[in-house]
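Secondary and tertiary structure notes
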Amino acid sequence: MKEISITEIENIAIGQVEDVEGATGCTAFISKEGMSVGMDVRGGGPASRESGLLDPLTQEHDLHGVVLAGGSAYGLQASGGVLKCLEERGIGYDVGGSIVPLVVQSDIFDIKIGKPGIRPDEEMGYRAAEMALDSPNYRDGIYGAGCGATVGKIRGMDTCMKSGVGSYAIQIGNLKIGAVVVVNAWGDVFNWRTGEKIAGLLNEDKKSFGDSMKELQTLVKDVENKFTGNTTLGVVITNGKFDKRKLCKIAGMGQDGLARSIRPVHTSADGDTVYAVSVGDVEADQDLVGTMAAEVISEAITRAIEKAESAYGHTAARDLF
């Protein structure tokens, strides 16, 4: 097994666009040839578009785009721009005089961090798809959908930390497995290898860690207006050959990576969602890929924290220590 770049997985390209003033952005995963996609949702408040396409009981269709963005429900407009770009390039299903691309999307809640009213829209989605097709520009940090990501928000925005988007990929023989994760968690983040806390709730001095799990224990009664500016999103990419049903299982196993790295996780205040996409025809064992999906997701979460920079008044881990 060896580490590779997420961009070394063929038949998929990633484009990122962000609005620095608005502290929000869009990350588009585009496959000209089409990709099989599965999905697993564990958080209580997801913002998503066309997720019904990924139900194992619906008809099997290859998809052409997976979009991650900020803006919560408002940001779902970005998919319209992705569809427009793909249609112009002739990417999609020919339905007799028209091209119909299939695109799914999930968003994080980042609308309390940047300039109010700036959210991912059709123009941003179009540009992200255009970048993926013409000049793929993926990089870890506060880019694309990770622009406005923060963690440790159990007491709100004043004591949270800056996060971003991270990636990690491996190769075993001809099999490639990687993940991109936008880390925007309600809880604290831990290095899955060492157990060390690396980001999350800060104490009032903003120079040391608080403890989200202990803070959670003070919420004995249900809180009606619990802060909901959260959601961690992941995309597992493999060149292993799998159909939608198996990819849904792989995505579910990938959620274990979130559970290893984030505490608390999968709460009603999160919209935690993992996609799994197949972009190749390498014969591979489903359980192997699902198990490794959890590992590459956990490592991608660590990379997102390590690569994030302090911004918008929120400290990143690199500056806290």
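Residues numbered from 1 in each chain as written. Predicted model: local features only at pLDDT ≥ 70, side-chain atom pairs only at ≥ 80, totals over all residues. Heavy atoms only, no water.

What to know about the overall build of the chain
When helices and strands are tallied, the chain shows six helices and 17 strands. Along the longest, intermediate and shortest principal axes, the C-alpha atoms of the chain span 60 × 40 × 35 Å. Sorting the 321 residues of the chain into buried and exposed places 58% on the buried side. In the structure as shown, the chain presents an accessible area of about 13000 Å², 45% of it carried by carbon and sulfur atoms. (Helix = DSSP H or I, 4+ residues; strand = E, 2+ residues; numbered from the N terminus. Buried < 20%, exposed > 50% of the residue type's maximum accessible area, 1.4 Å probe, protein only. Areas by Shrake-Rupley, 256 points an atom, 1.4 Å probe, with all protein chains shown as cover.)

Some details on the state of the cysteines
Simply put, the disulfide is a covalent bond whose two ends are the sulfur atoms of two cysteines. All told, the structure shown has zero disulfides when counted by the stated rule. Of the cysteine sulfurs around Cys147, a residue in no disulfide, the closest is that of Cys26, at 12 Å. Free cysteine Cys160: the closest other cysteine sulfur is in Cys147, separated by 14 Å. Cys160 sits in the buried class, given a relative accessible area of 2%. (Disulfide = S-S within 2.5 Å.)

Brief notes about the pattern of salt bridges
Once their charged atoms are close, side chains differing in charge can pair, the charge on each being opposite to the other. Applying the stated criterion across every chain yields a total of 10 salt bridges. Between Glu3 and Arg303 there is a salt bridge, with the nearest N and O atoms lying 3.3 Å from each other. A residue pair is termed long-range when its members are at least 10 positions apart, and Glu3 in strand E1 (residues 2–4) and Arg303 in helix H5 (residues 286–307) qualify at 300 residues. Given a relative accessible area of 48%, Glu3 falls into the partly exposed group. Here the salt bridges share partners, and the residues they tie into one network are Glu3, Arg193, Glu299 and Arg303. (Salt bridge = Lys/Arg side-chain N within 4 Å of Asp/Glu carboxyl O.)

What about unusual backbone geometry?
Most of the time, phi is negative for any residue but glycine, and the peptide bond is trans. A cis amide bond links Arg263 to the next residue, Pro264, at an omega of -10°. Structurally, Pro264 is set in the loop between strand E16 (262–263) and strand E17 (273–282). Although it is not a glycine, Asn11 sits at a positive phi angle of roughly 70°. A relative accessible area of 41% places Asn11 in the partly exposed class. Positive phi, normally seen in glycine, also occurs at Glu50, with a value near 60°. Assessed through its relative accessible area of 42%, Glu50 is described here as partly exposed.

Comments concerning the side chain of Thr27
Along the chain, the position of Thr27 falls in strand E3 (residues 24–41). Within polar-contact distance, the side chain of Thr27 engages the backbone nitrogen of Ala145 at 3.0 Å. If sequence neighbours within four positions are ignored, Thr27 has contacts with Ile14, Gly15, Gln16, Val66, Val67, Leu68, Gly144 and Ala145. (Polar contact = N/O pair within 3.5 Å; in protein donor to acceptor, adjacent residues only side chain to side chain. Contact = heavy atoms within 4.5 Å.)

Notes on the pairing of E17
Side-chain positions along a regular strand alternate between the two faces of the sheet. E17 sits mainly inside the fold: eight of its 10 residues count as buried. As paired elements, E3 and E17 share six bridges and run antiparallel to each other. Bridge pairing in E17 links Val37 to Val277. Direction of pairing for strand E15 (residues 233–240) relative to E17: parallel, over a ladder of seven bridges. Among the inter-strand pairings, Val236 is bridged to a residue of E17, identified as Ala276. (Pairing = 2+ DSSP bridges.)

Considerations on the nonpolar core
Core analysis: the biggest nonpolar cluster contains 36 residues, and Ile177, Val183, Val189, Val236, Ile297 and Ile301 have the highest contact counts within it. Put simply, the parts of the chain that give this core at least two residues each are strand E11 (165–172), strand E12 (175–182), strand E14 (197–199), helix H4 (244–261), E17, H5 and helix H6 (317–320). The element best represented in this core is H5, accounting for nine residues. Listed in part, the 29 residues of the second largest apolar core include Val104, Ala149, Val180 and Val277. (Core = buried A, V, L, I, M, F, W, Y, C linked by side-chain atoms within 4.5 Å.)

Structural notes on the sheet that holds E14
Here we have three strands laid out as an open sheet, ordered E14-E13-E16, and antiparallel in their pairing. Strands at the two margins of the open sheet, each flanked by one partner only, are E14 and E16.

Digging into the packing of aromatic side chains
Across all of its chains, the model carries zero aromatic pairs by this definition. Sitting over the face of the ring of Tyr74, Arg119 holds its NZ or CZ atom 3.7 Å from the ring centroid. Just above the ring of Phe190 sits the side chain of Arg263; from NZ or CZ to the centre is 3.8 Å. (Phe/Tyr/Trp six-rings, centres within 6.5 Å; stacked < 30°, edge-to-face > 60°. Lys NZ or Arg CZ within 6 Å of the ring centre and 35° of its normal.)

Here we look at the environment of Lys153
Topologically, Lys153 is positioned in the loop between strand E9 (150–151) and strand E10 (161–162). Between the C-alpha atoms of Lys153 and Gly200, which are 47 residues apart in sequence, the distance is 7.5 Å. Within the structure, Lys153 has its side chain in polar contact with the side chain of Asn184 (distance 3.0 Å).

Some words on H4
The end-to-end C-alpha separation of H4 is 26 Å, in line with the 26 Å expected for 18 residues at 1.5 Å each. Three or more residues of H4 are buried, namely Lys244, Leu247, Cys248, Ile250, Ala251, Gly252, Met253, Gly254, Gln255, Gly257, Leu258 and Ser261. (Expected span 1.5 Å × (residues − 1).)

Structural notes on the packing of helix H1 (residues 78–88) against helix H2 (residues 122–134)
Running from N to C, H1 and H2 cross one another at 45°; their axes reach a closest spacing of 6 Å. The orientation of H1 relative to H2 falls into the category oblique. Between H1 and H2 lies a crossing of right-handed hand. In this structure, H1 contributes Ala78, Gly80, Gly81, Val82, Lys84, Cys85, Leu86 and Glu88 to the contact, and H2 contributes Glu122, Gly125, Tyr126, Ala129, Glu130 and Leu133. Residues belonging to the contact of H1 with H2 are distributed by class as follows: seven nonpolar, three polar and four charged. (Axes fitted to C-alpha atoms, helices over the stretch in contact; angles between N-to-C directions. Parallel < 35°, antiparallel > 145°, perpendicular 65-115°, else oblique. Left-handed = near helix turned anticlockwise from the far one by under 90°. Nonpolar A, V, L, I, M, F, W, Y, C, P; charged D, E, K, R; others polar.)

These results come straight from atomic positions and should not be treated as a statement about function.
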